Amino acid sequence: MSVKQISTNMLRGWIDGLLLQKTVIGPVQHQGHFRFESITSSDQLALDYDVTDLPPKKFLLPPREVMMTFRSSGEFQSVMEFHPFVLFGVHPYDMIAINQMDRVFSEKLVDIHYLTRRNACSIVALDPVAVAPHNFSGCMGTATVEKGWDLLLTPLPQDGYLLEIGTEKGNTLLHSIYELPDASLDQLQLREQRWNQNQKSMRRHELKCAPDDLPDLLEQNYDHPLWQEKSSQCLSCGACNIVCPTCYCFDIQDEVDWSLETGVRCRAWDGCLLRDFAEVAGGHNFRKQSAERYRHRFYRKASYLPKRFGEIACVGCGRCISACIPNISNPVEVYNQLVGE
Amino acid sequence: MSKPQVAIFDLAGCEGCQLQIVNLEDSLLQLLSLVDVVEWREAISNHGPEIDIALVEGCLEREEDVARLLHIREKSKILVALGSCAISGGVHQMRNALSSLEARQITYGNNGFLKHLDVHEKVQSLDQIVKVDYSIPGCPIHRQELSYVLRCLALGRIPFIPTYPVCVECRIQENLCLWQQGQLCLGPLTRAGCHATCPSHGTPCIGCRGYSSDANPQGLRQSLNRYHKTPEEFEHHLNLFLGSSLEHAHA
């Protein structure tokens, strides 16, 4: 579709207009950190953010959501949330993670709770101008993104943005503003430069192999001593799971109210680093040792899911690196150590 | 189906967990519509013989505590340990690093030798004496968690109380990590279920819910340098609820 130009002022005005009709969620600064949250004015948006502490997945797969209500007599009703909202300012690496989630929740077993919410969501992606302290999306091929978004904003070096319309949904979001001028050839070239620059600069950690080589690399190193060594400091706290844009595992629990007649079935985020994650009925645990759980995370991201979907399930956002108290979670460090031998 | 008979008992402790039951206030009547409370020194005076669910607060300090606990166990179908004292000795276990005489002298000075202060050499938790069916952790307990457990037990279901660390609940709320803010927080070692109440208000976790499953204090010790914390500081914090004797028992 077409690429338009939009000044910063006009962009702000457009967002404030959107706020009259829809919930808009975007990056907001708190004590030098950033969070995706619901805004009431475009002034709150920190469009020059580097990375948020939690990825935007929390609005598509909430940490805890009611899936159905039930009665002890057996009747039940699915709960679906349809509340149109705009996710504003999603960086390419997070967009790619959402694309992966879309696939997981729609292939084979269709997850209607996720998809209902996802369909109600419009995404405005944003090419970053700041590089987070541990971002390595340049190495993972996720510093730029071609699809998934409804609109894509790219900041221009002086003032304003280029705005590419990706879908009809994106086009609809623009209904409230006058026709925007088309981007000039020069501006399109500046956009190319921004993309090239991001691919080069978003490499705070340099991966010593191509991402496509990772499944084979892991295949050869299942019994490598590194898993045991690194995990000896692992706190099994699941921080790396919680902050990861491609971790979407959940647990399901029922809760009844005081009548003992009615209740709700909820799902809540779970994480493979937590001990109970792989415990099944009867008490058997498939990954009892912390080292097994530590290893599993890397295999899931760079071996199991790639084999199934053809894409590495690590987008290089670096959130796990920032979140890990003992500093053992850096995927690049782990992969490079395996390459090094 | 008749209502389950519930009794509430206290051993050595501050009765703060029982106070949490009283503090249920807006749901206390609903709770009472679900169960019959047949024995509760803090709130009622009649005594029932048969008990379906015994909620026991406190730890064992004296010989008569042991006899009392054995008696409670004998007449109860389900025994629930209420709060950190009952589960692990709570703050009482701090004295396990000393002899009982030393502890008594520190606390009571010259009166420490008096006969009525006779206590066991070591503080014990309920599970060291009897079989404990379920535990509700915390100092004090989280009253919503108690309500939830009672509803599960009334339905004959196993309650789910997280065994993972507080970090999970803290990260989900997008709190800034207190370690990364220069504080010594025991969240990474402590069992969740409190909704990370303390760290969410900027106060480090002190470990009141006991160790999480696979807690790794030794691993955390290796990170102290990175965060400019000393081993002494760390052990001092740990001592309150997650003392060294518990660490070994846990491992």
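On a predicted model such as this, the values are computed, not experimentally measured, just so you know.

## Structural notes on the packing of helix α2 (residues 92-106) of chain A against helix α3 (residues 112-119) of chain A
The relative placement of two packed helices comes down to the angle between their axes together with the axis-to-axis distance. All names here are of chain A. Interaxial distance between α2 and α3 falls to 9 Å at its minimum, and their mutual angle equals 135 degrees. One finds that α2 runs oblique with respect to α3. The interaxial crossing formed by α2 with α3 has left-handed handedness. Mapping the contact onto sequence places M95, I98, M101, D102, F105 and S106 in α2 and Y114, L115 and R118 in α3.

## Some words on helix α6 (residues 143-155) of chain B
With 13 residues, α6 of chain B extends 19 Å from end C-alpha to end C-alpha; this agrees with the ideal 18 Å at 1.5 Å per step. Taken together, the buried positions of α6 of chain B are occupied by E145, L146, S147, Y148, V149, L150, R151, C152, L153 and A154 of chain B. Residues of α6 of chain B that are buried sit in contact with β10 (250-256) of chain A together with α1 (16-22), α2 (28-34), β3 (51-57), β4 (76-82) and β5 (134-136) of chain B. Two residues or fewer past α6 of chain B, G156 of chain B is found with a positive phi of approximately 75 degrees.

## What about the interface of chain A and chain B?
Each partner contributes residues to the interface: chain A has 40 residues there, and chain B has 33 residues. Interface area for chain A against chain B, summed over the two sides, is near 3200 Å², with a carbon-plus-sulfur share of 60%. The largest share of the area that chain A buries against chain B comes from L235, W258 and I325 of chain A, three residues that together contribute 28% of it. Counting across the interface, chain A meets chain B through four salt bridges.

## Things to note about the packing of aromatic side chains
For the structure on display, the rule yields 13 aromatic pairs over all chains. Among the aromatic residues, ring-to-ring pairing joins Y222, W227, Y294, F298, Y299, Y304 and Y335 of chain A into one connected group. Between the NZ or CZ atom of R295 of chain A and the centre of the ring of Y222 of chain A, over which it lies, the distance is 3.6 Å. In this arrangement the basic side chain of R151 of chain B is found over the ring face of W258 of chain A, its NZ or CZ atom lying 4.8 Å from the centre.

Rules used throughout
- Residues numbered from 1 in each chain as written.
- Chains lettered and ligands numbered in written order.
- Predicted model: local features only at pLDDT ≥ 70, side-chain atom pairs only at ≥ 80, totals over all residues.
- Heavy atoms only, no water.
- Axes fitted to C-alpha atoms, helices over the stretch in contact; angles between N-to-C directions.
- Helix = DSSP H or I, 4+ residues; strand = E, 2+ residues; numbered from the N terminus.
- Parallel < 35°, antiparallel > 145°, perpendicular 65-115°, else oblique.
- Left-handed = near helix turned anticlockwise from the far one by under 90°.
- Contact = heavy atoms within 4.5 Å.
- Expected span 1.5 Å × (residues − 1).
- Buried < 20%, exposed > 50% of the residue type's maximum accessible area, 1.4 Å probe, protein only.
- Buried area = accessible area lost by both parts, 1.4 Å probe.
- Salt bridge = Lys/Arg side-chain N within 4 Å of Asp/Glu carboxyl O.
- Phe/Tyr/Trp six-rings, centres within 6.5 Å; stacked < 30°, edge-to-face > 60°.
- Lys NZ or Arg CZ within 6 Å of the ring centre and 35° of its normal.

Keep in mind that these numbers describe shape and distance, not what the molecule does.
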